[in-house]
Amino acid sequence: MRFASVAFMNPPASPPASVRPSRLRPVDLPITKIRLPVTATVSLAHRISGVLKVPCLPLLAYGLSDSLAGPERFAAWVSALQSWPGRAFLLVLTWALAHHTAAGIRHLLFDTGIGTRYSQARATAWVVHAVAAAAVVAVLLSMAMSHAGAGA
Amino acid sequence: MKASLSGLRAWALQRITALALLPLMAIFVGRLLLWPPATHAAWREWMQTPWVQAGVVLFFVASALHAWVGSRDVVIDYVKPLGLRIALLGVIVLTLTWTVVWAAMAVLR
């Protein structure tokens, strides 16, 4: 009952028999106060980047097949990828590919027993985030340069 | 397929396909970033080179298997109703299989 008083401002003296004991436990999930460790954000991002890339596979097969069909279709794909939505898509894909690959290599190293001390795991987790961010910045810069070149 | 691709086998398959995808991704992404094909003719010619054709087919097979293990884990973690779970897994298997066939037909014809 000590815990129940935390969850309920006015705890019932005796809960009805229909209320299961688990219902009396404090339900406290302060989403805005929870701070995930960097190892958890890498794990979460590994999942998100993987899920983002799955629908890209059929899209890639379509792009491959259609762009090979003829010069007009090839030109259509080139201009689609150079459009603003196309560039935004490529940037998200760049982040997903870079992050998933870097985090995947970190996992493969864990499998061989490398970097499994928590301090090392934390350090390499930051490296994974940094590699993904660097890849996005690099692609963004190359897009800006090619855009400036095309405009000149 | 489901029975044979679970537990330790799925784990091993995920690692093996990851190791295969590392050089394949590096070669294809690197080549497309550094020397993007300027014309349809150049693109077609590159895609008709035997080692590129083999690489593309290998890339799609490895990607589909890797995506299958990963998306199966995600579906099992988050989708609890059994009917919906089986339906989703079925859609994913069919889509990935069809993707591999489609990509192979595109480069091998």
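Residues numbered from 1 in each chain as written. Chains lettered and ligands numbered in written order. Predicted model: local features only at pLDDT ≥ 70, side-chain atom pairs only at ≥ 80, totals over all residues. Heavy atoms only, no water.

Quick word on the overall build of chain B
Then comes step 1: Broken down by element type, chain B carries 4 helices and 0 strands.
Then comes step 2: Traced from its N-terminal end to its C-terminal end, chain B shows the element sequence α-α-α-α.
Then comes step 3: Here the C-alpha atoms of chain B give a radius of gyration of 17 Å, more than 25% beyond the 13 Å that 2.2 N^0.38 yields for 109 residues.
Then comes step 4: Restricting to contacts in chain B with at least 6 residues of sequence separation, those with at least 24 account for 71%.
Then comes step 5: Surface summary for chain B: the accessible area is close to 6,300 Å², and the carbon and sulfur share equals 76%. (Helix = DSSP H or I, 4+ residues; strand = E, 2+ residues; numbered from the N terminus. Rg over C-alpha atoms; globule rule 2.2 N^0.38 Å. Contact = heavy atoms within 4.5 Å. Areas by Shrake-Rupley, 256 points an atom, 1.4 Å probe, with all protein chains shown as cover.)

A look at the overall build of chain A
Then comes step 1: When you go through chain A residue by residue, the secondary structure sums to 6 helices and 0 strands.
Then comes step 2: Counting helices and strands in the order they occur from the N terminus, chain A gives α-α-α-α-α-α.
Then comes step 3: Sequence separation of at least 24 residues holds for 68% of the intrachain contacts in chain A that already meet a minimum separation of 6.
Then comes step 4: Surface accessibility of chain A: about 10,000 Å² in total, with carbon and sulfur atoms responsible for 70%.

Quick notes on the nonpolar core
Then comes step 1: Judged by nonpolar contacts, the single largest core of 32 residues is most densely connected at A:Leu64, B:Met47, B:Val56, B:Phe59 and B:Phe60.
Then comes step 2: Taken together, the elements giving at least two residues each to this core come down to α3 (56–67) of chain A together with α1 (7–34), α2 (40–47), α3 (50–78) and α4 (82–108) of chain B.
Then comes step 3: Of all hydrophobic cores here, the second largest spans 6 residues; its members include A:Ala102, A:Ala103, A:Ala125 and A:Val128. (Core = buried A, V, L, I, M, F, W, Y, C linked by side-chain atoms within 4.5 Å. Buried < 20%, exposed > 50% of the residue type's maximum accessible area, 1.4 Å probe, protein only.)

Brief notes about the interface of chain B and chain A
Often the size quoted for an interface is simply the accessible area lost on bringing the parts together.
Then comes step 1: Counting from both sides, the interface comprises 31 residues of chain B and, opposite them, 23 residues of chain A.
Then comes step 2: The largest per-residue losses of area from chain B upon contact with chain A belong to B:His40, B:Trp43 and B:Trp102, which jointly make up 25% of the total buried on that side.
Then comes step 3: At the surface where chain B touches chain A, the tally comes to 2 salt bridges.
Then comes step 4: Our count for the contact surface shared by chain B and chain A stands at 7 residue pairs in polar contact (both at pLDDT 80 or more).
Then comes step 5: For the side of chain B that touches chain A, the elements supplying multiple residues, two or more each, are α1, α2, α3 and α4 of chain B.
Then comes step 6: Per-element tally for the side of chain B that touches chain A: the top contributor is α3(B), with 11 residues.
Then comes step 7: The residue makeup of the side of chain B that touches chain A, split by class, is 20 nonpolar, 6 polar and 5 charged. (Buried area = accessible area lost by both parts, 1.4 Å probe. Salt bridge = Lys/Arg side-chain N within 4 Å of Asp/Glu carboxyl O. Polar contact = N/O pair within 3.5 Å; in protein donor to acceptor, adjacent residues only side chain to side chain. Nonpolar A, V, L, I, M, F, W, Y, C, P; charged D, E, K, R; others polar.)

Thoughts on the side chain of A:His100
Then comes step 1: Examined against the element boundaries, A:His100 turns out to sit in helix α5 (residues 84–111).
Then comes step 2: On the accessibility criterion, A:His100 (15% relative accessible area) is buried.
Then comes step 3: In this structure the side chain of A:His100 is engaged in a polar contact, spanning 3.4 Å, whose partner is the backbone nitrogen of A:Gly50.
Then comes step 4: Sequence-distant contacts of A:His100, defined by excluding residues within four places in its chain, comprise A:His46, A:Ser49, A:Gly50, A:Lys53 and B:His66.

Points about the confidence of the model for chain B
Then comes step 1: The share of residues in chain B with pLDDT of 70 or more is 96%, and the mean pLDDT across the chain is 94.
Then comes step 2: Both scores are given for the predicted complex: the pTM is 0.85, the ipTM 0.93. (pLDDT = per-residue confidence, 0-100.)

Quick word on α2(B)
Then comes step 1: Taken together, the buried positions of α2(B) are B:His40, B:Trp43, B:Trp46 and B:Met47. Take α2(B) and look down its axis: the buried residues cluster within an arc of 130°, on one side only. The outward face of α2(B), more than 90 degrees from its buried face, is lined by the exposed residues B:Ala41 and B:Glu45.
Then comes step 2: Summarising the contacts, the buried residues of α2(B) are in contact with α3 and α4 (71–82) of chain A together with α1, α3 and α4 of chain B. (Arc of directions from axis to C-beta.)

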